[in-house]
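# Examining the three-dimensional arrangement
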Amino acid sequence: MRDKEPKSVLAALRSCRFFENIDEETLMMIRPTARRIYQPKNSVIFEEGDVCRGLYIVEKGVVKIYKESPDAKEHVLHLAVDGDPFGEAALFHGTGYPASAAAVQATDIILLAKDEFMRLLMEHPKVSLRLMASMATWAHRLVSSIESLTLKDAGARFAAFLLSRTTSEDTHDGVVVELGMPKQTLASHLGMTGETLSRLLAKFEAEGLITSRGKRIALRSVEDLRELSEFGAV
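The residue numbers shown here count from 1 along each chain, following its written sequence. A pLDDT threshold of at least 70 governs which residues receive local features in this predicted model, and a stricter bar of 80 or more applies before side-chain atom pairs are shown or counted, although totals over entire chains, interfaces and linings include all residues. The side-chain numbers reported here are obtained from all heavy atoms of the structure, hydrogens and water having been left aside.

## Digging into the packing of aromatic side chains
Definition in use: What counts as a ring pair is set by centres within 6.5 Å for rings of Phe, Tyr and Trp (its six-membered ring), and what kind of pair is set by the plane angle: stacked under 30 degrees, edge-to-face over 60, tilted for all other angles. A run of DSSP states H or I qualifies as a helix once it reaches four residues; a run of E qualifies as a strand once it reaches two. Both are numbered from the N-terminal end. Only protein chains enter the accessibility calculation, which uses a 1.4 Å probe; a residue whose area is less than 20% of its type maximum is buried, one above 50% is exposed, and one in between is partly exposed.
All chains considered together, the criterion is met by seven aromatic pairs. The interplanar angle of 40° and the centroid separation of 5.7 Å between the aromatic rings of Phe-46 and Tyr-56 together place this pair among those described as tilted. You can see Phe-46 sitting in strand β2 (residues 44-46) and its partner Tyr-56 sitting in strand β3 (residues 54-60), a full ten residues away along the chain. With relative accessibility at 3%, the residue Phe-46 sits in the buried group. Assessed through its relative accessible area of 2%, Tyr-56 is described here as buried.

## Thoughts on the environment of Leu-112
Mapping Leu-112 onto the fold places it in strand β8 (residues 107-113). Classification of Leu-112 by relative accessible area gives buried; the value is 0%. Taking the C-alpha atoms as reference, Leu-112 lies 8.3 Å from Arg-53; in sequence the two are 59 residues apart.

## A word on the sheet that holds β8
Worth spelling out the cut-off: At least two bridges found by DSSP between two strands are what make those strands a pair. Contact criterion: two residues are considered in contact whenever any of their non-hydrogen atoms come within 4.5 Å of each other. To define axes, lines are fitted to C-alpha atoms, for helices over the stretch in contact only, and angles between the resulting N-to-C directions are given on a 0 to 180 degree scale.
A sheet is described by the order of its strands in space; here four strands give the open sequence β1-β8-β3-β6, paired in antiparallel fashion. Both edges of this open sheet fall to β1 (34-39) and β6 (85-86), since each of them pairs with a single strand only. In this fold helix α4 (residues 114-123) packs onto β3 and β8, with an angle of close to 50° to the strand it touches most, β8.

## Quick look at the pairing of strand β11 (residues 216-219)
The sheet contact formed by strand β9 (residues 176-178) and β11 spans three bridges and is antiparallel. What sits directly across from Val-176, in β11, is Ala-218. Note: strand β10 (residues 210-213) against β11, four bridges, orientation antiparallel. Among the inter-strand pairings, Ser-212 is bridged to a residue of β11, identified as Ile-217.

## So, the nonpolar core
This is how it is decided: Nonpolar core, defined: a set of buried Ala, Val, Leu, Ile, Met, Phe, Trp, Tyr and Cys residues in which side-chain atoms within 4.5 Å join the residues together.
One finds Leu-13, Phe-19, Val-63, Phe-86 and Leu-112 to be the most contacted residues of the largest nonpolar core, which totals 37 residues. Contact partners of Leu-112, with chain neighbours within four places excluded, come to Leu-13, Phe-19, Ile-30, Thr-33, Ala-34, Arg-53, Gly-54, Leu-55 and Phe-117. Membership of the second largest hydrophobic core comes to 29 residues, among which are Leu-162, Leu-163, Leu-219 and Leu-225.

Printed below as a string of structure tokens:
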């Protein structure tokens, strides 16, 4: 059950990181191609190989992008949270979706319908140019995320994730963040085992960095977590 009525679809487009360099006039042109879809917890949005229906945006919730191995073991490639797009590769490559997507929790998503959205880009080249600039910014953000996963140790990655769940206005000691997903899903996203994540939770709590209550984590020392996220364990 959702807590409150979601914001307007246009507001969801404004908050999408994929469109952060797009002006208001262009967003108004994109708006008619968009519609809201509600995805219950654990529901599949699309499966690997499905025909592309369009570009998706997480309005509120968490979506996991994943692949399954031949022995049905799931590997989470990416977690899309509020404001994140997904499915863009299939949209622009003209192929089926290269991975599967499912709602980790009850989630509102925005779908930009493929045919309408692509027609808009072809009929209005200026929209395409503005979108290209915004895509470049998004690609840079993804590269930074990959560098974080490959160059930082497990503790630094977990600290960075916790900080990413705060807002710019709410970063004081004691702020409570929601993991928003099963711990095993989070562990896979951060490139570690569930056992490693459990050890980190216990270690962070013992060191006074956090207080853990299930999926709710109180950040007891934001400054120490920020230092850990940047420099790793010493």
